[in-house]
Amino acid sequence: MLKSPPLLDKKVLVPRGKGQAASFSRLVAKYGGIPVEIPLIAFRPIQKNQRLSECLEKLGTYDWIIFTSNVTVETFFSFLGVVGPDFPKIGVIGKKTAKVLNERGFPVDFVPSAYVAEVFVEEFLPIVSPGSRVLIPKGNLAREYIADSLTEAGAIVDEVVIYETYMPEESRAKLVGMLGGGELDILTFTSPSTVDHFMEVVSANGLETRLEPCIIGCIGPITENRLREYGLPVHAAPVEYTVEEMIKSTIAYLEKG
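This report concerns the structure included in the present document. (Residues numbered from 1 in each chain as written. Predicted model: local features only at pLDDT ≥ 70, side-chain atom pairs only at ≥ 80, totals over all residues. Heavy atoms only, no water.)

**Regarding the packing of helix H5 (residues 117-124) against helix H6 (residues 145-152)**
Angle between the axes and distance between the axes are the two parameters that describe a pair of packed helices. Which entries qualify depends on this criterion: The axes used here are C-alpha line fits, helices contributing only the stretch in contact, and every angle between their N-to-C directions lies in the interval 0 to 180 degrees. Strands are runs of DSSP state E lasting at least 2 residues, helices are runs of H or I lasting at least 4, and numbering of each runs from the N terminus. With respect to orientation, any angle under 35 degrees is reported as roughly parallel, any angle over 145 as roughly antiparallel, any angle of 65 to 115 as roughly perpendicular, and every other angle as oblique. Less than a right angle of anticlockwise turn of the near helix away from the far helix marks a crossing as left-handed, whereas a clockwise turn marks it as right-handed. We call two residues in contact when some of their heavy atoms are within 4.5 Å. Amino acid classes used here: Ala, Val, Leu, Ile, Met, Phe, Trp, Tyr, Cys and Pro are nonpolar; Asp, Glu, Lys and Arg are charged; the rest, including Gly, are polar.
Two elements in contact, H5 and H6, have axes whose closest approach is 9 Å; the angle formed by their N-to-C orientations is 25°. It follows from the interaxial angle that H5 and H6 lie roughly parallel. Regarding H5 and H6, the two cross each other, and that crossing is right-handed. In this structure, H5 contributes Ala-117, Glu-118, Phe-120, Val-121 and Phe-124 to the contact, and H6 contributes Tyr-145, Ile-146, Ser-149 and Leu-150. Here the residues of the contact of H5 with H6 are counted per class, giving seven nonpolar, one polar and one charged.

Rendered as structure tokens:
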């Protein structure tokens, strides 16, 4: 007798937008689940300002540039014109971010062993000399942990906001409808912002009790902590901070019963 797929007929919240949801949804479907795409987070580039223009103009003076996500890479290069030969060395958080850069023809000089800011800093500090100039493009809600840690170690760090994070309005109504109807079995979260946006809708519509039967998975300790701050249980939190490992961790929880 054939074994049923581990996520058979379970409706899984995919919290990413159209541009990022496809691979996530394919993974859910691969294991028999039904992906429900409700973007809890979206990104829009800022209006180019003097601060950003200055950082781009002096790009060649930096020793390192640090990219923390695919979105940061795509947005940064949308502002950049012709890339000169003196592009800084590149550090990233995450192998997918490294892959995006490699596909653009840029070698990546540093990837940490775990894809969180704390591990990045711990492993990056030994290769950065005091006085090294570092550029960190980021979103408006990004943590300042990397910049603060590198500055404390003697690096000269410029942070520049290049995009804004928000929740699409159309997602609110869809989320209320799906949660209110008890139509989501598994909730997944990929960042603290996805948790905040989700809980904003839940609280505004009195849907807290609808979360009780749901299985909750997340990526990374910061996201896990944010869920727990809201009093939510976390059933799946993998050691490797990727969507694939989160799905596998969720399956492992289900199989334990």
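And the narrative resumes.
**Let's talk about the sheet that holds strand E5 (residues 89-92)**
The following threshold applies: Strand pairing is assigned whenever DSSP identifies at least 2 bridges connecting the two strands.
Spatially, five strands are ordered E3-E7-E6-E4-E5 in an open sheet, and the strand pairing comes out mixed. With one partner strand each, in any of the chains shown, strand E3 (42-45) and E5 form the two edges of the open sheet. Averaged over neighbouring strand pairs, the angle between their axes works out to 30° when direction is ignored. In this sheet, strand E7 (residues 156-166) lies alongside strand E6 (residues 133-139) in parallel orientation, the contact comprising seven bridges. For Arg-133, the partnering residue across the bridge sits in E7 and is Ile-156. Of the strands in this sheet, E3, strand E4 (64-67), E6 and E7 touch helix H3 (residues 70-79), which is tilted by about 100° from E7.

**Quick word on the side chain of Thr-72**
Counted only if it meets this: Working definition: with a 1.4 Å probe on protein chains only, accessible area under 20% of the residue-type maximum means buried, over 50% means exposed, and in between means partly exposed.
Take Thr-72: it is sitting in helix H3. You can call Thr-72 buried: its relative accessible area is 0%. Among residues more than four places away in sequence, those in contact with Thr-72 are Phe-67, Pro-137, Lys-138, Ile-162 and Tyr-163.

**Focus: helix H8 (residues 192-204)**
Structurally, the α-helix is built with 3.6 residues per turn, so residues lying three or four positions apart point the same way. Our working definition: Multiply 1.5 Å by the residue count of a helix minus one, and that product is the helix's expected span.
The end-to-end C-alpha distance of H8, which contains 13 residues, comes to 18 Å, matching closely the 18 Å that a straight helix rising 1.5 Å per residue would cover. Of the surrounding elements, those touching the buried residues of H8 are strand E1 (11-14), E7, helix H7 (169-180), strand E8 (186-189) and helix H9 (221-229).

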